[in-house]
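Architecture at a glance
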Amino acid sequence: MSVTSGGPGQRRRDRGGGRAHRLYSVVVFVLLASLDNVAIGLVPPLYKPIADAFDVSGRLLGLVTAVSFLVSAVAAVGWAYVGDRSNRKPLLMVGTLLWAAGTGGSALAGGYATFLAAQLVAAVGLGAVGSVGFSVVTDLISPNRRGLVMSFWGLSQGVGTLAGTLVGGLLGAADWRRPFLLLTGVGVAATVAYLFTYDVRRGQSEPELAGALDAGADYDYRISRADLPRILGRRTNRWLILQGLTAQAAFGSLVWLPVLFAERAEAQGYSESTAVVVGSVFATLFQLGGVLSIVGGLIGDAVQRRTPRGRALVAAVGILAALPFYLVLFFVPVTIDVPDGGGAGAVVGAVLSSVVTEPSVGLSLLTAVVALALTSANSPNWFALIADVNPPEHRGTVYSLGNLVNGVGRSAGNGLVGVAFQGLRAAFPPPLNFAVGLAAFQLFFIPTGIMYWLASRTSPADIDNVHDLLHNRANHL
C-alpha cells in the first residue's frame, strides 16, 4: 500500500483534524442525516394542495412518495459502492446538490409529470447522504463510542422526518411551494458547510491502523465486485440485513398509531376533526421514547467493552422486552377528556394536562415511552455493529444493503397492516380491529430479536477477523 511523503505533523496540517474540526464535521454529518429526512417528510402533509394544483388524485401523490422511497434506497446502494471505492467528500456534496436541485425543481413544477421527475432527482441525491455519510462517520468515531454517536445519527433521522411533516404543514398551508423553496436554500447552505468539514481518512478511527496512519501511510484498500460474495458470506452481515425485513414490518405498522387513538376518540363520541387532532397529539407524545435511543447506544458501548456479543445482545433484549409493553399500549382503556369542536390549541392543551390528571392517559404514555425506549436500542447498535464486523471499505455498501431491506420491510408493514384492519373489522368493531391488527404486527419483533441473538453468536468471530485483517494490513502499509 502507499506511503505519503512528509511527516505526520505535516499531514495533520494539510488535512486539519483538531478536536473542534472533528466535532464540527460530526455535527454537519448528523444534521445532514436529518435534513434528508426533512425532504422525505415534506410531501405527505401537502398531498391535497399539490393534487389540487396539478388536478390529479391524491393517490398519484402517494405514488410519488412510494416511488421516491424505492429510488432512494436503490440509488443508495450505488452511491455506497462508489463511495467505498473513491473520495467520499465530493460524492456527499454532489448528492446534497442533487436533492436540493430536485427539491427546487419540485417547487417550480408546473404539472404532475414535472413534479414527479423533480422528486426522483431529489431521491437519487438523498441516497448518497445516508449511505456515504454513514461510512464517513464510522471513520470519525472510535469503536468504543460508536453506539453513542450512532444513536444521535439515528435520532436525527427521526427528528428530521417529524420536522419535515411540521415544516410542510405549517409553511405549506398557504402556499405548498414555499417549504420546498426553503429546503432548497438549506440544501445549498449544507453543501457550503461540507466544504469546511474535516477530510476524513478511511480507517482512521481503527486502533489497529493508528500507528501506520500517524507515520504517514494511507489506507488505500477499496471495495471491488469480488468483495460482494465475501460481504454476504459474513454471517453477522446476513443477520443484520435480514432482521430489517421483520423489524421494519413492525415499525412500519406503527404509522397507524394516530388512527388507533383517533378511532378511540370517535368511539367515545368525539367528532372526526377533534378525533384526528387527539390521535396526532397522542402519537407525537408517544414518540418521545425514541429520544432514549441515546441510552441504548451508551449501554451497547458499555456492554460491548465487556463482551464482543454486547451490542447484538442489547438490541435483542430491547426488541423482545418491548413486545409486552406494546400489547399493553394497544389494549389498555384510555379515557379521553377534551373540548369537542374546540380549536387545535385547546385540544392539545387538554391532552397534555390529561397526562397528569387522567391515570389511563398517564399509563398509556409511560407504556409507550418504555416500549419505544426498548426498541430504540435497535438503531444505534445496528449501525455500530455494521462498522464493527466490516472493514472500512465495506461499511457504506453493507449499510445501504441493510437500508434497502429495511425499506422493503417498512413498506410491507405499512401496507399490509391496512389490509389486516379491514379483514379484522368483521370480527372486531373499531377501534378494537386496529388494536388487534397492530398487536399482531408487533409479533414480527420476535424473529427480529432471534436474529439479533444469532448475530451475537457470530459477531465475536467476525469482529476478531476484522481486527486481524487490519493488523495485517497495517504491517504492509
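Residues numbered from 1 in each chain as written. Predicted model: local features only at pLDDT ≥ 70, side-chain atom pairs only at ≥ 80, totals over all residues. Heavy atoms only, no water.

Examining the overall build of the protein chain
When you go through the protein chain residue by residue, the secondary structure sums to 21 helices and zero strands. Its C-alpha atoms give the protein chain a radius of gyration of 23 Å, within 12% of the compact-globule value 23 Å for 477 residues. Its C-alpha atoms give the protein chain principal-axis dimensions of roughly 75 × 50 × 40 Å. The buried share of the protein chain, reckoned over its 477 residues, is 51%. In the protein chain, the proportion of contacts linking residues at least 24 apart, taken out of those at least 6 apart, comes to 84%. In the protein chain, the 33 positive side-chain charges and the 26 negative ones have mean positions that sit 7 Å from each other. (Helix = DSSP H or I, 4+ residues; strand = E, 2+ residues; numbered from the N terminus. Rg over C-alpha atoms; globule rule 2.2 N^0.38 Å. Buried < 20%, exposed > 50% of the residue type's maximum accessible area, 1.4 Å probe, protein only. Contact = heavy atoms within 4.5 Å. Lys, Arg positive; Asp, Glu negative; His and termini not counted. Charge placed at Lys NZ, Arg CZ, Asp CG, Glu CD.)

A closer look at the packing of helix H14 (residues 293-306) against helix H18 (residues 378-388)
It is at 8 Å that the axes of H14 and H18 come closest, and there the two elements cross at 40°. The angle between H14 and H18 places the two elements in the oblique class. Residue-level contacts link Ser-293, Gly-296, Gly-297, Gly-300 and Gln-304 of H14 to Pro-380, Asn-381 and Asp-388 of H18. Partitioned by chemical class, the residues of the contact of H14 with H18 number one nonpolar, six polar and one charged. (Axes fitted to C-alpha atoms, helices over the stretch in contact; angles between N-to-C directions. Parallel < 35°, antiparallel > 145°, perpendicular 65-115°, else oblique. Nonpolar A, V, L, I, M, F, W, Y, C, P; charged D, E, K, R; others polar.)

Let's talk about helix H11 (residues 235-253)
Here H11 contains 19 residues, and its C-alpha end-to-end distance of 28 Å stays within 8% of the 27 Å for a straight helix at 1.5 Å per residue. When the local axis directions of H11 are compared, the greatest deviation, roughly 30°, occurs at Ala-247. The buried fraction of H11 is high, at 14 of 19 residues. (Expected span 1.5 Å × (residues − 1). Bend = angle between axes of the 7 residues up to and from the residue.)

Some thoughts on the side chain of Ser-131
Inspection of the secondary structure puts Ser-131 in helix H6 (residues 112-140). A distance of 3.3 Å separates the side chain of Ser-131 from the backbone oxygen of Ala-76, its partner in a polar contact. Aside from chain neighbours lying at most four places away, what touches Ser-131 is Ala-76, Trp-79, Ala-80, Gly-396, Tyr-399 and Ser-400. (Polar contact = N/O pair within 3.5 Å; in protein donor to acceptor, adjacent residues only side chain to side chain.)

Topic: unusual backbone geometry
The step from Pro-430 to Pro-431 runs through a cis peptide bond, and the omega angle for that step is 5°. Within the secondary structure, Pro-431 sits in the loop between helix H19 (395-424) and helix H20 (432-442). Notably, Asp-55 is not glycine yet its phi reads approximately 55°, a positive angle. As for its position among the elements, Asp-55 is in the loop between helix H3 (47-54) and helix H4 (58-83). Judged by its relative accessible area of 70%, Asp-55 falls in the exposed class.

Description of the confidence of the model for the protein chain
Scored by pLDDT, the protein chain comes out at a mean of 86, with 95% of its residues at no less than 70. Scored below 50 in pLDDT, residues 1-15 makes 25 contacts in the model with residues more than four places away or belonging to other chains. (pLDDT = per-residue confidence, 0-100.)

What about helix H15 (residues 310-331)?
In this model H15 runs 33 Å from its N-terminal to its C-terminal C-alpha over 22 residues, within 8% of the 32 Å that 1.5 Å per residue would give. Taken as a whole, H15 carries its principal kink of about 30° at Leu-323; the proline Pro-324 stands between one and four residues after it.

A few points about the pattern of salt bridges
By the definition in use, this model includes 10 salt bridges. For Glu-206, the salt bridge identified is with Arg-395, shortest N-O distance 2.7 Å. Of this pair, Glu-206 sits in the loop between helix H8 (178-195) and helix H9 (207-214) while Arg-395 sits in helix H19, placing them 189 residues apart in sequence. Take Arg-395: its relative accessible area is 0%, and that puts it in the buried class. (Salt bridge = Lys/Arg side-chain N within 4 Å of Asp/Glu carboxyl O.)

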